[in-house]
Amino acid sequence: MSEGSSKPVRIGLLGRGTVGGAFAELVAERGAAVEAACGRRPEISGVLTRGEGDFDEVLAGSDLIVELIGGTEPAREHVLAALRAGKPVVTANKQLLAQHGDELFDVAREAGVQIRFEAAVAGVIPIVRVIQESFGATEISKVFGIVNGTTNFILSEMASTGAAYEEVLERAKQLGYAEADPTEDVNGADAAAKMAILARLAFHTPITLGDVAYEGIETIQPDDLAYAKELGLSLKLLGVAERRDGGLSVRVFPCFLYGGHPLAPVGGPFNAVMVEAPAITEVTMSGPGAGGTQTASAVLGDVVSILAGDAPVSQPREELTVVTDVSSSFYLHLEVADRPGVLARIAQVLGDNGISVKSVVQRGIGEDARLVMVVHECLESQFAAAVEEIGRLEDVRSTPRSIRVIEEEFV
Ligand SMILES: NC(=O)c1ccc[n+]([C@@H]2O[C@H](COP(=O)([O-])OP(=O)(O)OC[C@H]3O[C@@H](n4cnc5c(N)ncnc54)[C@H](OP(=O)(O)O)[C@@H]3O)[C@@H](O)[C@H]2O)c1
């Protein structure tokens with residue numbers, strides 16, 4: 001599609017909701033600028049929604065398909081048909097890519113056409129392009145970040161106001177930062193789909209959503225955030241994909257960060273992604289995590305790349321096993337009986353399990369006594385064994401609560 005031509009590029013638009021509607025407006029607004037940049041003017045040649053258009057007609061009348069329906073079916077079927085017909089596809093659909101990436105990329109390769117999906121991960125941040133193109137020759141060791149704006153807004157609000165999770169979730173809905181059904185955002189599934197896509201790109205290995213272990217933020221308590229503040233920590237829902245022990249670990253979990261960490265100040269509905277590699281040290285990018293116009297702008301960027309003839313660097317596939325038991329530092333919150341020697345007994349259990357304490361905060365008296373500590377990095381299985389043992393001590397009055405911590409302190 002790189003040859004110069006005065007004929008417009010006909011775009012078949014599947015879905016005209018929040019993003020699709022904004023995309024149609026953007027094409028009308030920015031069409032002349034796109035023509036000036038790559039020699040061809042984009043125009044919407046056909047639209048498919050539930051109440052409008054026929055897919056076969058839209059496909060036949062287009063040079064390129066933009067899929068903004070969402071979900072897996074009929075989006076998958078339509079995208080495959082477009083690729084098989086030799087038409088490039090741009091999509092913002094994370095679920096489709098995270099669940100059916102192999103099939104889609106195989107068909108695109110066989111057909112010799114591109115499928116681009118910048119808007120599927122981390123909103124406006126051009127992380128897909130950076131990994132595929134700028135770092136196409138770099139051996140990436142880790143990609144991680146805040147890839148869900150809804151949960152980042154909720155955690156930021158809980159930390160700044162002290163309000164409970166349920167109350168802040170309602171506020172997020174009123175402000176349009178959370179959907180009416182926010183389940184996939186708050187339980188980590190949305191972030192997991194995005195991390196599956198990023199892991200596949202960064203490590204050239206066929207990771208799917210089923211390979212990603214994820215946890216959400218539904219059980220976070222306001223007092224965890226208050227104690228963490230005293231320890232200099234702020235809470236984020238992090239997605240992490242990294243080479244570990246000869247394999248690959250891809251996970252989503254709530255995690256405390258120290259103040260100097262580049263992701264610590266990223267608040268509200270923003271996203272931020274970091275890429276680490278020996279050759280580049282580390283790069284951080286942040287920006288709005290969602291929004292119709294913002295997402296549409298990323299979609300149009302993909303259309304421009306296709307028109308300009310840019311193709312991502314093609315990489316040989318790597319076979320990496322998924323590693324599940326990885327090491328981490330942890331925050332541990334214990335409600336304890338106010339008796340002499342409690343701290344020593346707990347420290348003993350941790351020590352017996354090979355875990356050392358980094359810092360401790362002791363609060364309250366009598367029935368309200370609490371011990372909050374951060375322990376140094378250990379295997380998750382090692383920590384789980386120690387916590388189970390601590391939970392059985394007579395001194396401990398309720399189920400211990402723990403949250404991972406990234407111990408690294410950036411300067
Ligand atoms: N919204 C965001 O901020 C955002 C950010 C990043 C990525 N995304 C992704 O962008 C995609 C679109 O999201 P959105 O928020 O624009 O969704 P949306 O507002 O719900 O719009 C979906 C559109 O698809 C159409 N549609 C639904 N089912 C269909 C079917 N079976 N056949 C044909 N058309 C169908 C709908 O048609 P009707 O009008 O007839 O219902 C509507 O026009 C999703 O993959 C989403 O994950 C969205």
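Structure first, text after, so check above.
Report follows, based on the coordinates.

Reading the values: the criteria
Residues numbered from 1 in each chain as written. Predicted model: local features only at pLDDT ≥ 70, side-chain atom pairs only at ≥ 80, totals over all residues. Heavy atoms only, no water. Helix = DSSP H or I, 4+ residues; strand = E, 2+ residues; numbered from the N terminus. Buried < 20%, exposed > 50% of the residue type's maximum accessible area, 1.4 Å probe, protein only. Contact = heavy atoms within 4.5 Å. Areas by Shrake-Rupley, 256 points an atom, 1.4 Å probe, with all protein chains shown as cover. Lys, Arg positive; Asp, Glu negative; His and termini not counted. Charge placed at Lys NZ, Arg CZ, Asp CG, Glu CD. Arc of directions from axis to C-beta. Axes fitted to C-alpha atoms, helices over the stretch in contact; angles between N-to-C directions. Parallel < 35°, antiparallel > 145°, perpendicular 65-115°, else oblique. Left-handed = near helix turned anticlockwise from the far one by under 90°. Nonpolar A, V, L, I, M, F, W, Y, C, P; charged D, E, K, R; others polar. Pairing = 2+ DSSP bridges. Near = heavy atom within 4 Å. Polar contact = N/O pair within 3.5 Å; in protein donor to acceptor, adjacent residues only side chain to side chain. 1 Å grid on protein atoms, 1.4 Å probe; cavity = no way out; pocket = protein on both sides within 12 Å on 5 of 7 lines; lining within 4 Å. Sits in = over half its atoms within 2 Å of the grid points. Points joined across faces, edges and corners; volume = space filled by probe spheres on them. Core = buried A, V, L, I, M, F, W, Y, C linked by side-chain atoms within 4.5 Å.

What about the overall build of the protein chain?
The number of helices and strands found in the protein chain is 13 helices and 15 strands. Principal axes of the C-alpha set define a box for the protein chain whose edges measure 85 × 45 × 35 Å. Within the span of the protein chain, comprising 411 residues, buried residues form 53% of the whole. Counting only contacts in the protein chain whose residues sit at least 6 apart along the sequence, the fraction spanning at least 24 positions is 74%. Just so you have it, the protein chain exposes about 17100 Å², and 49% of that area is on carbon and sulfur atoms. Positive and negative side-chain charges in the protein chain, numbering 34 and 58 respectively, have mean positions lying 2 Å apart.

Quick look at helix α12 (residues 342-352)
In an α-helix, one full turn covers 3.6 residues, which means residues spaced three or four apart are oriented alike. Residues of α12 that are buried: V342, I346, V349 and L350. Buried residues along α12 cover an arc of 100° about the axis, so they all sit on one side. Seen from the buried face of α12, the exposed residues on the opposite side, beyond 90 degrees, are A344 and D352. Looking at the buried positions of α12, the neighbouring elements they touch are β12 (327-335), β13 (357-363), β14 (370-379) and α13 (380-391). G354, located one to two residues past α12, shows a positive phi value of around 75°.

Section: the packing of helix α5 (residues 127-134) against helix α9 (residues 189-203)
Each packed pair of helices is defined by two parameters, the angle between the axes and the distance between the axes. Between α5 and α9, the shortest axis-to-axis distance is 9 Å and the interhelical angle comes to 15°. Taken together, α5 and α9 sit at an angle that is classed as roughly parallel. Once α5 is placed against α9, the crossing between them reads as left-handed. When α5 is examined against α9, the residues I127, V128, I131 and Q132 are found in contact with a partner set consisting of L198, L201 and A202. Residues that form the contact of α5 with α9 fall into these classes: six nonpolar, one polar and no charged.

Section: the sheet that holds strand β1 (residues 9-14)
Pairing is parallel in the open sheet, where five strands are placed in the order β2-β1-β3-β4-β5. Looking at strand neighbours, the two that pair on one side only are β2 (42-48) and β5 (115-116), the edges of this open sheet. Judged from the six bridges that link them, β1 and β2 form a sheet pairing that is parallel. Paired with L13 across the two strands is V47, which belongs to β2.

A closer look at the site of the ligand
Around the ligand there are 19 residues in total, and R16, T18, V19, R50 and G291 lie nearest to it. R16 places a polar main-chain atom, nitrogen or oxygen, 2.8 Å from an oxygen atom of the ligand. A distance of 2.9 Å separates an oxygen atom of the ligand from a polar backbone atom of T18. Relative to its free-state accessible area of 900 Å², the ligand is covered by the protein chains to the extent of 71%. Among the detected pockets, the ligand sits in the largest pocket.

Considering empty space enclosed by the protein
The tally for this structure, following the rule as stated, stands at one cavity of 30 Å³ or more. Taken together, I115, R116, F117, E118, V128, R129, Q132, E133, D302 and P312 form the lining of the largest cavity. Looking at the lining of the largest cavity, the elements that each hand over two or more residues are β5 and α5. Residue contributions to the lining of the largest cavity peak at four residues, all from α5.

Thoughts on the nonpolar core
I115, I127, I154 and F256 are the most contacted members of the largest nonpolar core, which totals 84 residues. Per-element tally for this core: the top contributor is α9, with 11 residues. Non-local contacts of I127, meaning those with residues more than four positions away in its chain, are made with E118, V121, A122, L198, V273, V275 and M285. Judged by nonpolar contacts, the second largest core, of 24 residues, contains V9, I11, I306 and L307.

Overview of unusual backbone geometry
A negative phi angle characterises most non-glycine residues, just as the trans form characterises most peptide bonds. Of note, the bond from E73 into P74 is cis; its omega dihedral lies within 30 degrees of zero at 5°. The topology assignment puts P74 in the loop between β3 (64-67) and α3 (75-84). Phi at A122 takes a positive value of approximately 60°, unusual for a residue other than glycine. Tracing the chain through its elements places A122 in the loop between β5 and α5. The exposure class assigned to A122 is buried, which follows from its relative accessible area of 1%.

Note that all results are geometric; they support no functional claim without further evidence.
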